[in-house]
Amino acid sequence: MRMRHKKWSMPELLGSGYYVEEPEALRGKWKEAFARSQPLHLELGCGKGVFTAAIAASHPEINYLAIDISPDVLGVAKRNIDKEMEAAGRRPENILLAIYDIERIDKILAPGDQVDRIYINFCNPWPCARAHKRRLTHTRQLETYKTLLDPDGEIWFKTDNNDLYLATKR
């Protein structure tokens, strides 16, 4: 997703209590980074954070880690999370945001982090054949995610792109 640069996004993210500036430092320690010890769900490519905001506000019994590569998009996600949490009468204690390249997710999450669920919602389909390896659902990426998942963990995938769906299903 392309978005205009937002000068306010990094200062707002840095000022929030739930932005992780150096996610590599928490590798293997994500469960301790949250206020309470509870199941951990991960959203890859959270975009503007509408899904993350809604689910985190309605499920305080689960911790959420939302990752995106763009600080501008993550700034919008932070505002959406703040708005949703305020409407729910809660503080965002069960959510953390991080800017990171998902292709290198194994540098910030270790197998010991034991993610219970991974969400991949409407990711870039990378339709050009030579770019298929960049898909979040490429076989190489799915193998990496498997090492992070709890043995009973799940990957929840949503897309409206038939080619991406069929390629992922294989």
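Predicted model, so just to flag it, every value in this text is computed and none were measured.

Chemist: How should I be thinking about the pattern of salt bridges in this particular structure?
Modeler: Between side chains of opposite charge, a pair can form when the charged atoms approach closely. Following the criterion strictly, the structure yields seven salt bridges and no others. A salt bridge links D82 to K78; the nearest nitrogen and oxygen atoms lie 2.4 Å apart. Pair noted here: D82 and K78 are both in helix α4 (residues 71–87), with a separation of four residues, about one helical turn. Classification of D82 as partly exposed rests on a relative accessible area of 26%. When its relative accessible area of 10% is taken as the criterion, K78 is described as buried. With its nearest N and O atoms 3.1 Å apart, the salt bridge here joins E154 to R117. A residue pair is termed long-range when its members are at least 10 positions apart, and E154 in strand β6 (residues 149–158) and R117 in strand β5 (residues 115–121) qualify at 37 residues. By relative accessible area, which is 33% here, E154 ends up partly exposed. Via salt bridges that share partners, E12, K78, R79 and D82 belong to a single interconnected network.

Chemist: What exactly am I supposed to notice about a positive patch on the surface here?
Modeler: Together, R130, K133, R134 and R140 give the surface a local cluster of positive charge. The topology assignment puts K133 in the loop between β5 and α5 (139–148). Classification of K133 by relative accessible area gives partly exposed; the value is 47%.

Chemist: Would you explain the sheet that holds strand β1 (residues 19–20) in this entry?
Modeler: Neighbouring strands of a sheet are bound in pairs by backbone hydrogen bonds; such pairs are parallel or else antiparallel. Strand order in the open sheet formed by six strands is β1-β4-β3-β2-β5-β6, and the pairing between neighbours is parallel. Of all the strands in the sheet, the pair left with one neighbour each is β1 and β6. Bridge count for strand β2 (residues 40–44) against β5 is four bridges, and the pairing is parallel. From the neighbouring strand, E43 faces β5, where its bridge partner is Y119. Contacts from α4 reach β1, β3 (63–68) and β4 (95–99), with the element oriented near 165 degrees to β4. Its contacts with the sheet place α5 against β2, β5 and β6, and it is angled at close to 140 degrees to β6.

What counts as what
- Residues numbered from 1 in each chain as written.
- Predicted model: local features only at pLDDT ≥ 70, side-chain atom pairs only at ≥ 80, totals over all residues.
- Heavy atoms only, no water.
- Salt bridge = Lys/Arg side-chain N within 4 Å of Asp/Glu carboxyl O.
- Helix = DSSP H or I, 4+ residues; strand = E, 2+ residues; numbered from the N terminus.
- Buried < 20%, exposed > 50% of the residue type's maximum accessible area, 1.4 Å probe, protein only.
- Patch = residues over 30% accessible without salt bridge, like charges linked within 9 Å, V, L, I, M, F, W, Y side chains within 5 Å.
- Areas by Shrake-Rupley, 256 points an atom, 1.4 Å probe, with all protein chains shown as cover.
- Lys, Arg positive; Asp, Glu negative; His and termini not counted.
- Charge placed at Lys NZ, Arg CZ, Asp CG, Glu CD.
- Pairing = 2+ DSSP bridges.
- Contact = heavy atoms within 4.5 Å.
- Axes fitted to C-alpha atoms, helices over the stretch in contact; angles between N-to-C directions.

By themselves, these are just geometric observations and shouldn't be taken as functional.
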